[in-house]
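# Coordinate analysis (summary)
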Amino acid sequence: MAWTTLQLEILQTTSRVSSVFSLLGASFIIITFCTSTSFHKPINRLAFFAAFGNILTNVATITSRKGIEHGNQSALCRIQATFIQWFMPADALFCLAMALNVYLTVFKKYTTKRLRGLEFTYILVCYGLPAIPAITFLFIKNREGVYIYGSAILWCWISAEWQFLRIAGFYGPVWIILGVTIVIYILAGRVIFRLRGSLRNFARRSAPAPPVKDTWSTQRDSLSRAMSPDPTPRPNAANNPLPSYTVVIESGPRPSAANNRVPRNSAVEANTAAWAYCRCAMLFFLALLITWLPSSVNRIYQFIYPDSTHFGLNFAAALVLPCQGFWNGLIYIVTTLPACKEFCRNLWEHIRRPFDRLSAWRKSRRSLSSKANSMNSL
C-alpha cells in the first residue's frame, strides 16, 4: 500500500502532539519531585526515575519521520531507532518495579528504607536490560546488507526486513512484563480486600469477638508505606494514648466507648488504603493497556500481512505509544493529589505576588497623588 502525503502528515502530526503531552507529564513529575518532599512516595520515586526515559523516548518520537527522510543509515535515523528500542520498553520495566514495591510491602513487610535500597537495582535493570538489544541491533545486518534499524512508517525503528524481531525483541518481552505486573496487582489486591472485609465485619460487631491475628495491622502499615510519603516514626506504646488495634480485639471484654474508636479508625484506614491501592492499580492497568494494546495489534497485523499496512492501526500507534510520560504523570498526580493542590497553590501565590505588589504600588501612587491635589487646592 502506497501512503499518501496527507496520511503521512497526519501520522507525523499525531506522534508529535502525543509526544508534547508526554513531555509535559514527565516534566511535571521531575519539577514537582525536585521541589517538594511531599511527592517522595516510594511509588512516585520510581515514576521520577522513569520520567527521564520518557523524555528520551519523546526526543525520538517527536522527531517522527525526519529520521526516515534523512535515510535509513543516517545518524538521525539510527539514534532515533536506538532511543525507541531502549527507552520505550524501559517504561514497562519501571511499571513492573512499582508493582514489585507493592508486592514487597504487602507480602514481605518491606520498610521504606529497604525499598529505597532497591532503587539503584531497579534503575540498573530497567535501563540496562533494554540497552543490550538496542545497542546490539546497531551492528547487525542480513546477507543482503540490510541493517536491523530502518524505516518503520511512523519513525526509524526495526525495519520490515526484520519483522520477526519486532515481536521477539520488543513486543513479546513487553507483554511478558505487563502480564507479570498485572498478576502482582491481582495477588496483592486479593489480600488487601480480604483483610479489609474482615476488619469491616469486626468493626460492625458490638459483641465481644474471638481473638484476631494482627495481620491486618501489619498489612495496612505495609501498604501505607507503598502509597504514602516517608512515614514519621510511630510513637512508642508508652507514649501512645490509645492501645493498639491488636490489644483491643484480643483483650476479650467488651470494648469501652473510648476504645471503640480504634476499630472504627482502623476500618476507615482500611477503606482509605484499599481505595488508594485500587485506584493506583486500575490506573496502571488502563495506562499499560491503552499504551501497548493498539500498537501491538498493529505490529501483529503487519507480521501476518507483511505486504499490507493499515492506516487506522498506525494512527492508533502514533497516538498512544509516545504518551507514556503523560500517563505516568496522570497516575503521579492522582496518587499525590493533596500535594499537587498544595504545589499549585504555592505556585499561584508566587505568580500573583509581583502583581499584588504592583497593585499596591499603584494604589500608593494614587493615594499620594490625591493628597498632593488636595494640598494644591488649599
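Calculation criteria
Residues numbered from 1 in each chain as written. Predicted model: local features only at pLDDT ≥ 70, side-chain atom pairs only at ≥ 80, totals over all residues. Heavy atoms only, no water. Phe/Tyr/Trp six-rings, centres within 6.5 Å; stacked < 30°, edge-to-face > 60°. Buried < 20%, exposed > 50% of the residue type's maximum accessible area, 1.4 Å probe, protein only. Lys NZ or Arg CZ within 6 Å of the ring centre and 35° of its normal. Helix = DSSP H or I, 4+ residues; strand = E, 2+ residues; numbered from the N terminus.

Under the criterion given, the structure shown has 24 aromatic pairs. Considering the side-chain rings of W86 and F87, the 4.7 Å spacing of their centres and the 5 degrees angle between planes classify their relative orientation as stacked. Overall, W86 belongs to the partly exposed group, its relative accessible area being 22%. Of the residues examined, F87 reaches a relative accessible area of 8% and is grouped as buried. Chaining the aromatic ring pairs together yields one cluster made of F83, W86, F87, F94 and Y127. In this structure, R78 packs its charged tip against the face of Y147, placed 5.2 Å from the ring centre. Seen from the ring of Y110, R114 lies directly overhead, with NZ or CZ sitting 3.8 Å from the centre.

Now for unusual backbone geometry. A negative phi angle characterises most non-glycine residues, just as the trans form characterises most peptide bonds. The phi angle at S64 is positive, at roughly 55 degrees, despite the residue not being glycine. If you trace the backbone, S64 turns up in the loop between α2 (42–61) and α3 (66–70). With a relative accessible area of 0%, S64 lands in the buried category. With a phi angle near 70 degrees, I153 is a residue other than glycine that sits in the positive phi range. Considering the arrangement of structural elements, one finds I153 in the loop between β1 (149–151) and β2 (156–158). Among the residues examined, I153 registers a relative accessible area of 15% and is labelled buried.

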